[in-house]
Amino acid sequence: MKYLVGIFLTMVVSFAIAADKLSLANAWVREVPPVMKNSAIFFTVKNDSDEDRIIVSASTEVASLTQVHEHTMADGMMKMREVKAGVKIPAHSSVMFKPGGYHVMLIKLNKPLPVGAEVELTLTFDDGSTLVQNVQVRPDNQLHTNDSN
């Protein structure tokens, strides 16, 4: 029994260390009119660890479905699709989730998201670690690159 407890504690500590090496900056949720049922979350995720990490899923309580998406150009048209294989965040690097690129899609919002409201975002990585952060709703007509959360 002590052996199993030791393994469990080692795993918990490993996940905590892995999560400490990952961080979000410039995180924001796109404001949408109350009649719209979808929105998106944008941010820069930084990986200060020595290993690549992959975001395998995202979740929130404000939408029926939360997915990692990307915009791509195909046949001269911009298309959006779910990234089922996840998004790789290289070691000692960062990846920007921005309009027209990677983003976290909030589908079928459960409630309106007024400017100033906060959404709790949970990102899950390939090693089982999670990164949880409150993200503020902001107007879509602002530049969001100069502030940090």
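Heads up: the structure comes first, above all this text.
Residue positions are given per chain, counting from 1 as you read along its sequence in written order. Local features in this predicted model are restricted to residues of pLDDT 70 or higher, and side-chain atom pairs are both shown and tallied only at a pLDDT of 80 or more, whereas totals for entire chains, interfaces and linings draw on every residue. As a rule here, side-chain values cover all heavy atoms of the structure and leave hydrogens and water aside.

Overview of the pattern of salt bridges
Next up, step 1: When a carboxyl oxygen of Asp or Glu is within 4 Å of a side-chain nitrogen of Lys or Arg, the pair counts as a salt bridge. A full pass over the atoms with the stated rule returns 6 salt bridges.
Next up, step 2: Measuring nitrogen to oxygen at the nearest pair gives 3.1 Å for the salt bridge that ties Asp-127 to Arg-53. Pair noted here: Asp-127 is in the loop between β9 (118-125) and β10 (130-138) and Arg-53 is in strand β3 (residues 53-59), with a separation of 74 residues, a long-range link. Going along the chain from the N terminus, every DSSP run of H or I of four or more residues is numbered as a helix, and every run of E of two or more is numbered as a strand.

A short note on the packing of aromatic side chains
Given two aromatic rings, one states the distance between the centres and the angle between the planes to describe the pair.
Next up, step 1: Here a pair means two rings of Phe, Tyr or Trp (six-membered ring of Trp) with centres within 6.5 Å. Their orientation is stacked below 30 degrees between planes, edge-to-face above 60, and tilted elsewhere. Within this structure, the stated rule accounts for 3 aromatic pairs.
Next up, step 2: Arranged with centres 4.4 Å apart and planes meeting at 20°, the rings of Phe-43 and Phe-97 form a pair that is stacked. Of this pair, Phe-43 sits in strand β2 (residues 38-47) while Phe-97 is found in strand β7 (residues 93-97), placing the two residues 54 residues apart along the sequence.
Next up, step 3: A simple rule labels every residue: compare its accessible area, found with a 1.4 Å probe on the protein chains alone, to the largest value its type can have, and call it buried under 20%, exposed over 50%, or partly exposed in between. Judged by relative accessible area, which is 1%, Phe-43 ranks as buried.
Next up, step 4: Residue Phe-97 is classed as buried on the basis of its relative accessible area of 1%.
Next up, step 5: Put simply, the rings of Phe-43, Phe-97 and Tyr-102 touch in pairs and so form one group of aromatic residues.

Thoughts on the environment of Lys-21
Next up, step 1: Tracing the chain through its elements places Lys-21 in the loop between α1 (2-20) and β1 (22-30).
Next up, step 2: With a relative accessible area of 36%, Lys-21 lands in the partly exposed category.
Next up, step 3: Taking C-alpha positions, Lys-21 is 5.3 Å from Ser-49, a pair spaced 28 residues apart along the chain.
Next up, step 4: We call two residues in contact when some of their heavy atoms are within 4.5 Å. Filtering out sequence-adjacent residues up to four positions away, Lys-21 remains in contact with Lys-46, Asn-47, Asp-48 and Ser-49.

Notes on the pairing of β9
Next up, step 1: By this definition, two strands are paired if DSSP reports at least two bridges between them. By the bridge criterion, 4 bridges tie β3 to β9 in an arrangement that is antiparallel. By the bridge assignment for β9, Ser-59 is matched with Thr-122.

Describing unusual backbone geometry
Next up, step 1: Backbone geometry places Asp-75, a non-glycine residue, at a positive phi of 55°.
Next up, step 2: Along the chain, the position of Asp-75 falls in the loop between β4 (63-74) and β5 (77-82).
Next up, step 3: By relative accessible area, which is 78% here, Asp-75 ends up exposed.
Next up, step 4: Unlike most non-glycine residues, Lys-108 shows phi in positive territory, near 60°.
Next up, step 5: On the secondary structure map, Lys-108 appears in strand β8 (residues 103-109).

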